[in-house]
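This is what each chain is made of:
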Amino acid sequence: MTKLTVQYCNLFVHTCVQVILMGLDSAGKSTLLARLLTGQVMETSPTVGFNVGTLDLDKKTSLTVWDVGGQKSMRPNWRYYMDDCKALVFVVDSSDPGRLPEAQKALKKVLSDEKLRGVPVMVLANKKDLPNSMTIREVRGTRTRTWTWTQRHQRKEARNEEQQGRRE
Ligand SMILES: Nc1nc2c(ncn2[C@@H]2O[C@H](COP(=O)(O)OP(=O)(O)OP(=O)(O)O)[C@@H](O)[C@H]2O)c(=O)[nH]1
Ligand SMILES: [Mg+2]
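Residues numbered from 1 in each chain as written. Chains lettered and ligands numbered in written order. Predicted model: local features only at pLDDT ≥ 70, side-chain atom pairs only at ≥ 80, totals over all residues.

Structural notes on the nonpolar core
No. 1: Among the nonpolar cores identified, the biggest contains 24 residues, and Leu21, Met22, Phe90, Val91, Val92, Leu107 and Val110 are the most heavily contacted of them.
No. 2: When contributions to this core are tallied by element, the ones reaching two or more residues are β1 (15–22), α2 (29–38), β3 (61–68), β4 (85–93), α3 (100–111) and β5 (121–126). (Core = buried A, V, L, I, M, F, W, Y, C linked by C-beta atoms within 7 Å. Buried ≥ 20, exposed ≤ 12 C-beta atoms within 10 Å, placed from the backbone. Helix = DSSP H or I, 4+ residues; strand = E, 2+ residues; numbered from the N terminus.)

As structure tokens, then:
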């Protein structure tokens, strides 16, 4: 292929990257998505299923952002959104320390899923505008423990696979 043809082809290559917003119910995922899409703070109601929107970063790249309902009954469905996911944003309500252990447990479960192996994760401390919200350090403390747990879990899995490979 000549250089000219390659450049011509590139004109039409559009990359669409899948990003998922997860987190407990009421963490603020739908508010965040609406804000990203419209620039406005909009009224939301608890998400049953999902919301999805596309954000154009430039002419060639866009993000498809999936906002998945966080209620307990919906969490088993989270894994169906993980296929082809290139980044995960886990939203935490930093004004609600009482639910931090629940958020930690949910994140731990999400990160243990094989589908997310190697996928970058951001924990977003939301609702920082509210008085008495936790500091980033407090929220980060939770994430670090979870992350360490996940790395340990993934290393163990890799060792098991390796041993199984040797036996076969
Ligand atoms: N003060 C404050 N309130 C927020 C913020 N983000 C969201 N909220 C409020 O938190 C409530 C829940 O927000 P949602 O965006 O619906 O939460 P969600 O994570 O989508 O919840 P589910 O759909 O049930 O999973 C709403 O009343 C929002 O207005 C924020 O940054 N600051
Ligand atoms: Mg929602």
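What to know about the site of ligand 1
No. 1: In the neighbourhood of ligand 1, 18 residues make up the surrounding shell, with Gly28, Ser30, Thr44, Thr47 and Gly70 lying closest.
No. 2: It is α2 that provides the largest number of residues to the shell around ligand 1, a total of 3 residues.
No. 3: A per-class count over the shell around ligand 1 returns 3 nonpolar, 11 polar and 4 charged. (Near = placed C-beta within 6 Å. Nonpolar A, V, L, I, M, F, W, Y, C, P; charged D, E, K, R; others polar.)

Observations concerning α2
No. 1: For α2, the set of buried residues is Lys29, Ser30, Leu32 and Leu33. Viewed end-on, α2 has its buried residues packed into an arc of 160 degrees, placing them on one side of the element.
No. 2: Turning to α2, the residues buried within the fold contact β1, β2 (50–56), β3 and β4. (Arc of directions from axis to C-beta. Contact = placed C-beta atoms within 7 Å.)

Some details on the environment of Val41
No. 1: Tracing the backbone shows Val41 in the loop between α2 and β2.
No. 2: Under the C-beta neighbour-count criterion, Val41 is labelled exposed, with 10 such atoms within 10 Å.
No. 3: On a C-alpha basis, the gap between Val41 and Ser30 in space is 10.0 Å, while along the polypeptide they are 11 residues apart.
No. 4: Apart from residues no more than four positions distant in its own chain, Val41 is found in contact with Thr31 and Arg35.

What about the sheet that holds β4?
No. 1: One open sheet accounts for 5 strands, arranged β2-β3-β1-β4-β5; its pairing is mixed. Strand pairing shows two members of the sheet lacking a second neighbour, β2 and β5, which therefore form its edges. Sheet twist, expressed as the mean angle between neighbouring strand axes with direction ignored, is 25 degrees.
No. 2: Note: β1 against β4, 5 bridges, orientation parallel. Residue Leu21 lies in a different strand from β4, and its bridge partner there is Val89.
No. 3: Here α2 sits on the sheet and contacts β1, β2, β3 and β4; the angle it forms with β2, its principal contact strand, is near 30 degrees. (Pairing = 2+ DSSP bridges. Axes fitted to C-alpha atoms, helices over the stretch in contact; angles between N-to-C directions.)

Structural measurements only, silent on function.
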